[in-house]
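Structural features, examined
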Amino acid sequence: MIDPVFLEVSVVVLGIFLLMAEAFGLAKEKSTLAWWAIGGLAAVFIGTFFIGPNSNSFEVSGFYVVDGLSLFFKRFVLISTILVLVMSVDYLPIVQRLVPAERPGAGSGEFFILPVFTCAGLMWMVSATDFIMIFCALELVTISFYIQVAYLRRSMSSLEAGTKYLILGALSTGFLVYGITWFFGATGQTNLVAIREVLPLIPVANHPAILFGLALVLVALGFKIAAVPFQFWVPDVYQGAPTPVTAYLAVASKAAGFLVLIRVLEPFFTVPSFQNKLFLALVLLALLTLVFGNLAAIPQTNFKRLLGYSSIAHAGYLLMGLAAIGDAFAGGAVVFYLSGYLLMTFLAFLILVPVTKASGGDDIAHFNGLARRSPGLALAMLIAAASLAGVPFTVGFFGKFFIFEAAMNQGLYLLVLAGIVTVASGFYYYFKVIRAMYWQPAPEDAGPVAITKTSSVAIFILAMLILILGVYPQLLIGMLP
Amino acid sequence: MSTQTAPWIILFSPLAAAVLIFLIGRFSKTLSAGLAILSAATGCFLSWWLFRQTEVAPQLSLEWLNFGPELTITIGITLDHLSKVMLLVVTTISTLVFIYSTGYMRDEEGYTRFFAGLSLFLFSMLGIVLADNFVMMFIFWELVGVSSYILIGHYYSKDSAADAGKQAFIVNRIGDFGFMLGILLLWSATGTVAFSGLLSAIPGFEGAPVYLTVACVLVFMGTVGKSAQMPLHVWLPNSMEGPTPVSSLLHAATMVAAGVYMLARIFPILEVVPDAREIIAWVGGITCFCAALMATQQNDIKRILAYSTISQLGYMVLGIGVAPTSSEAMFHLFTHACFKCLLFLAAGSVMIAMHHETDMWHMGGLRKKTPVTMICFIAGMLALSGCPFTSGYFSKDLIIEWAVLKIPFLGWLAAAAAGLTAFYIFREFFVVFFGKARSEHAEHAHEQPVSMLVPMLILAVPALFAGLPMIQEHFFTLSHPDAHAVPHLLHPFLYAMFFGGAGLAALLYFKAEKDPVSIPLFANRLYIDDVYFWFVNKIQGGGSIVLSWADRWVVDLVIVQVPSKLTWACGFALRFLQIGSIQAYAFFFGAGVVGLLYIMLSK
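Residues numbered from 1 in each chain as written. Chains lettered and ligands numbered in written order. Predicted model: local features only at pLDDT ≥ 70, side-chain atom pairs only at ≥ 80, totals over all residues. Heavy atoms only, no water.

**Details of the overall build of chain A**
Counting secondary structure elements, chain A contains 20 helices and 0 strands. Compactness check: chain A gives a C-alpha radius of gyration of 22 Å against a globular reference of 23 Å for 481 residues, within 12% of the reference. A principal-axis box enclosing the C-alpha atoms of chain A has dimensions of 70 × 55 × 40 Å. Scored against the burial criterion, the 481 residues of chain A give a buried share of 64%. (Helix = DSSP H or I, 4+ residues; strand = E, 2+ residues; numbered from the N terminus. Rg over C-alpha atoms; globule rule 2.2 N^0.38 Å. Buried < 20%, exposed > 50% of the residue type's maximum accessible area, 1.4 Å probe, protein only.)

Following this line, the structure appears as C-alpha cells:
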C-alpha cells in the first residue's frame, strides 16, 4: 500500500531525475527523456490503484484530501500528461526548428520535463482543500505553463502567447490572492472545511465581505477554465503555444480548474443567502460563455484557434452543469463530461500534430482532402469532430445529455435552450473540418500523412473509447466517484 | 456450457462472423461462406441443446442506459419456451439456407458481401428473438430492416433491386413508427419496457381501456409493416429482387416471422385487450384472403410464393387474434417456415436451372430435367395447400377452426382462402414442371449441385411430417376447440377446398400453353400498388412541389439563411473583441470583474 502523498512526491522526483539526466547527458536522444517520463508517470498511474490509508500529519492539517474524486482526477491528469508527452515526441522536429540551439537538439529536453512538474502541480491542485495549498499548486501549474507556452523562442506567435498568458495570468493570480485575503478577513480561516463550518455563523453584516472575496476567487478560477469574460487569452494563447501544450492547457488545466471550482464553491451552496447569488452568477457566466464560445467559433479558419473557441464553448456546458449542482447527478455529469472532453480533445490534437507537420500549417484548409491522403486519420478526426459536436453514439453526446438532464431537473430551462441552440452552431463549425477532409480536393503534391506508431496507437484507442462510451456510457459511469 | 452463456454465444456468433467476413472475407470465398455457416451451425447446435434443457438458469441482463428510476434500458436475454422454439426455427433454417447459398451464389458478384449480410441479418433476427425488453427488440427490429435493405438491394446496380430495397425500408418505417409510438404508450402506462415488467403490470392496469387498445394496435402496426399485412404488404413481393436465398430466409424464418413472434411475445398483454385482438384478427383474415386472390394471377414463380407468404402470415395473425394461446399461431409459423423455405429453395433451384428466368410461362416440362427439385417442390406444395396429414394441414386447419368459432365470417373467409392456396400453388406446379418446354433455357435446364439439393431434401422432411401430433407435441402445447362446437360442415369443406383447388388447377393448367384465365383485378393485385403509386405520384408529388417551394423560400431563406447569416455576423462581430491587444484584454477582464462584483454585491 502506498501513502497517497508519495504519488506527487514521486512525480516531482521523476522530474528532478529527468532534469539531471538531461544536464549530464544521460539521454542520447532527447525523445528518450519523453519515454522515461511516460514510463515513470505510467508507474505512478498504476500506483494510484494501490493507495493505502492516509496516516501522516499532512492530511490532518486539512491541506490535502484523498477521496474518490481527487483520485479520479489524479488519474485523469496522469493520463493527460502521458498523452501530451506522446504528442510532444511527434512534435519534436518543430521544437528543434524553433528553439535556438548551439548544438542540434540542445534546449529541447526541457520540453518533455516541464509537463512532469505541471503534472505534479495539477495532482496537488485536485487534492487541495486549503486556499494556501490551492494557491501554491495553482502557481506551480501556471508558472510551468508560462515557460511551455513561450517555449518556441524563434516563433513570434509563441512568444506573444507566452507574454499574454503571463500578464493576464498574473492579473488573475492577483485577484485570487486578494479574494483569499477577504475570506480570511471575514472568517478567520483559509481551510475550506473550516470555512464550511463557520459560514452559517457569520453575521449578515459581514456577508458582503464574503461575497466580495467569492467574486474575486470566481474571477481567478474563471480565468483558468476560460469562462467569458475572462477568456480573452484563450484563442491567442492556444494558437501561439506549441500544440501539445495547447492540448495540455485545454484539458488538464481546465479540468483541474473545474475541480477546484467545485471544491471552493461547495461550502457556499449550503448557505441559502450565498447560494442565490452564486447561482445567478454561475448561470450568467454559463450563458455568456455558451453564446460567446460558440458564436465566435463560427468564422474561424485556423483549427487550433477553433479548438480554442471550442474549449470556451465546452466550458459553457460545464458551467451549466455547475449551475445545476443542486441536482444529485450534476456532479457526476460534469466529471463525465470532462472525461469525454479529454478523449475527444486529445484525439483532435493528436491528429493535428502530424497533419501540421505534413501540410505545413494548422489551418482548417490544411486538412483538405485528408480522407484520400490518410483515410484512417480522417476517420479518427471525423469521430473526434462528431463527438465534440455531440453526435449520438459518441461520448460527447452523452456528456451533453447528462448535463442537460441535470439542468432540466433544476429548472434551468433558459440555459438548456441556449445549450441546444449553441449545439446547433457547434455542428456547423466542427463540420467545417469534416467538409475539408472529405469534400475538398487535396493539394497536388500531398501524399499520406506520416505518423509515429505510438501516436497511431493512441489515436486508435481514443477513437475506440469515444465510440464504446458513446454506446455504453455505463462503463465510465461505473468508474465515477 | 451453461444455459446462461449459450444464448449470448448464439446471439453474437453471427455478428462475429459478419465482422470477420467484412475484415478478411475478401481473401477467400470459401472462408467467408465457411465463417457464416459455422456461426449459424453453432447457433443451431446450441439452440437444440438449449431446447433439451429443462432447467434454465436465470438469464443475465446488462444495464445499458440508465436514465434514472423511470427508464432503465437493459440488454438481456429472455429464454422461455417461446424463444427456444423460435431459436430452433431461425437457426436451423438459416443454417440450411446458408449452405444452399454457397451453391446458389457460386457465380454471383458480391459473394463475400452477401455472406456478411446474411450473418448480420441472422444476428438481427436472433436479437429480436432473445430480447428481454421492447427497446432492445426495437433496436434489433430496425437492424433487421437495415440488413434486409442490404440484402434485397444486393444487385444494387440494378434499378429495380435498389428500388425494392428502398421500398422495403420505407414501408417498414411506416409500420415501425406506429410500433415505436406503441412502445412509448405502453411505457408511459406502466413505467417499464421490460417484457417481464409489462406482463405483470398490464393485467392490473387501472387506466382507460381504450388507452391500452390504442397502444396495442400501434404496436401491432410494427407487425403490419414487418409481417407484410395489408395495407403495408406491397414491399414483400418486390423484395423478390434480392437473391433467392434471401427471399427464402426473409419469408421463412426471419423478418416476416418477427412480426408474428413479437405478437406472441406480448400475447398475455393482448389477452386483456379484446378490442385490439379483434382488429388484429380482421387484418389477418382479410390479408390471408386478398393475398391468396392476388397470387392466383401472378406469372413470376417467386412472386406467387411472395403473395402466398403474405397470405400465410395472414393466417398466423388471424391465429393471434382468435386462438386462446399464442401456440397456434407459432405452430403455423413453425410449419410455414419449413415448407415456405423449401418452396423458395426449389424455386431458386429452378431459376438457376433457367439462367435466372422467373416468368413461369417461359418454363414448362421441367419434371424430367430437374426431378429432385420437383420432388422437393411437391413436398412443400402439399404442405402449403393443406393436403391432409402434411404439416400445413394440421397448423392451418387449427387456426381456421378457432376463427370459425370466434368470428365465423373470418373463419369461412380463411377456409375459402385455403382453396385459393391449393389452386395457385398447383397452378404454379403444373405450369413449371409439366407441359412442353416453352423456351430455349427450359429445354437445356439441368439439375443443381448437391450443396443446393441436400438442404432442400432435409427441409422436405419437416415440411411433410412436422405437423403430425406425435412430433409437434414436443414443441407446442396446442389447445383444440371442442369437437362438437366446430360446425360439422367445416372439415368436409376444407377437404373440398383442397381437392377442388388442386383439381381446378389441374384442369386449367395441366399442359396449358398460355394462361386460359385472365382476371385483371387479381393480376394487378387489386390495384393497391397502383393506388399507392398514384398517391405517391400525384398527391405526394404535388405536395412536394409546394413543399419544395416552401423549402427553398421559407425554410432555406427565412428560417435558415437569415439566422445563419445573423449568427455568422454575430460571430464575426465578436471577433473584433479579440483584437489581440493585451491592454484591451486586461480592460475587458477588469470590466468582467466589476460586472461580477455588481451581481454578487447588489441587493
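Here the narrative resumes, following the displayed structure.
**Overview of the side chain of Asp132 of chain B**
All names here are of chain B. Examined against the element boundaries, Asp132 turns out to sit in the loop between helix H4 (111-130) and helix H5 (134-152). There is no salt bridge for the buried Asp132, and the closest opposite charge comes from Arg265, which lies 9.3 Å off by N-O distance. Residues contacting Asp132, with those up to four places away along its chain left out, are Ser61, Thr74, Gly76, Ile77, Thr78, Ala194 and Phe195. (Lys, Arg positive; Asp, Glu negative; His and termini not counted. Salt bridge = Lys/Arg side-chain N within 4 Å of Asp/Glu carboxyl O. Contact = heavy atoms within 4.5 Å.)

**Structural notes on the interface of chain B and chain A**
Residue-level contacts link 29 residues of chain B with 42 residues of chain A. Of the roughly 3,300 Å² buried at the junction of chain B and chain A (both faces included), carbon and sulfur atoms supply 77%. Sorting the residues of chain B by area buried against chain A places Gln578, Phe589 and Met600 of chain B first, and these three jointly supply 23% of that buried surface. Our enumeration of links across chain B and chain A arrives at 0 salt bridges. Run the count over chain B and chain A and you get 2 residue pairs in polar contact (both at pLDDT 80 or more). If you list the elements that add at least two residues to the side of chain B that touches chain A, you get strand S1 (61-66), helix H25 (528-575) and helix H26 (582-601) of chain B. Ranked by residues supplied to the side of chain B that touches chain A, first place goes to H26 of chain B with 12 residues. Of the residues contributing to the side of chain B that touches chain A, the split by class is 19 nonpolar, 7 polar and 3 charged. (Buried area = accessible area lost by both parts, 1.4 Å probe. Polar contact = N/O pair within 3.5 Å; in protein donor to acceptor, adjacent residues only side chain to side chain. Nonpolar A, V, L, I, M, F, W, Y, C, P; charged D, E, K, R; others polar.)

**Structural notes on the environment of Gly447 of chain A**
Residue and element names in this part refer to chain A. Considering the arrangement of structural elements, one finds Gly447 in the loop between helix H18 (413-439) and helix H19 (453-471). Judged by its relative accessible area of 32%, Gly447 is partly exposed. Taking the C-alpha atoms as reference, Gly447 lies 8.2 Å from Ser374; in sequence the two are 73 residues apart.

**A closer look at helix H9 (residues 207-225) of chain A**
Residue and element names in this part refer to chain A. Given a rise of 1.5 Å per residue, 19 residues ought to cover 27 Å, and the 26 Å separating the end C-alpha atoms of H9 matches this to within 8%. The buried count for H9 comes to 18 of 19 residues, which makes it a mostly enclosed element. Following H9 by one or two positions, Ala226 adopts a phi angle in the positive range, close to 65°. (Expected span 1.5 Å × (residues − 1).)

**Some details on unusual backbone geometry**
All names here are of chain A. Cis peptide bonds are those with omega within 30 degrees of zero, and the linkage from Val228 to Pro229 qualifies with 5°. With respect to the element layout, Pro229 can be found in the loop between H9 and helix H10 (233-240). With phi around 65°, Ala226 is a residue other than glycine that occupies positive phi space. Look at Ala226 and you get buried, because its relative accessible area is 1%.

**So, the nonpolar core**
Burial of nonpolar side chains together is a common tendency in soluble globular proteins. Core analysis: the biggest nonpolar cluster contains 411 residues, and Phe303 and Phe367 of chain A together with Ile93 and Phe134 of chain B have the highest contact counts within it. Among the elements that make up this core, the one with the highest residue count is helix H14 (residues 330-359) of chain A (20 residues). Each of domain 1 (1-270) and domain 2 (271-481) of chain A accounts for three or more of the residues forming this core. (Core = buried A, V, L, I, M, F, W, Y, C linked by side-chain atoms within 4.5 Å. Domains from an automatic or database assignment.)

**Considering the environment of Ala380 of chain A**
Residue and element names in this part refer to chain A. Within the element layout of this structure, Ala380 appears in helix H16 (residues 375-389). Since its relative accessible area comes to 6%, Ala380 is described here as buried. The spatial distance from the C-alpha of Ala380 to the C-alpha of Ala463 is 6.0 Å, given a sequence separation of 83 residues.

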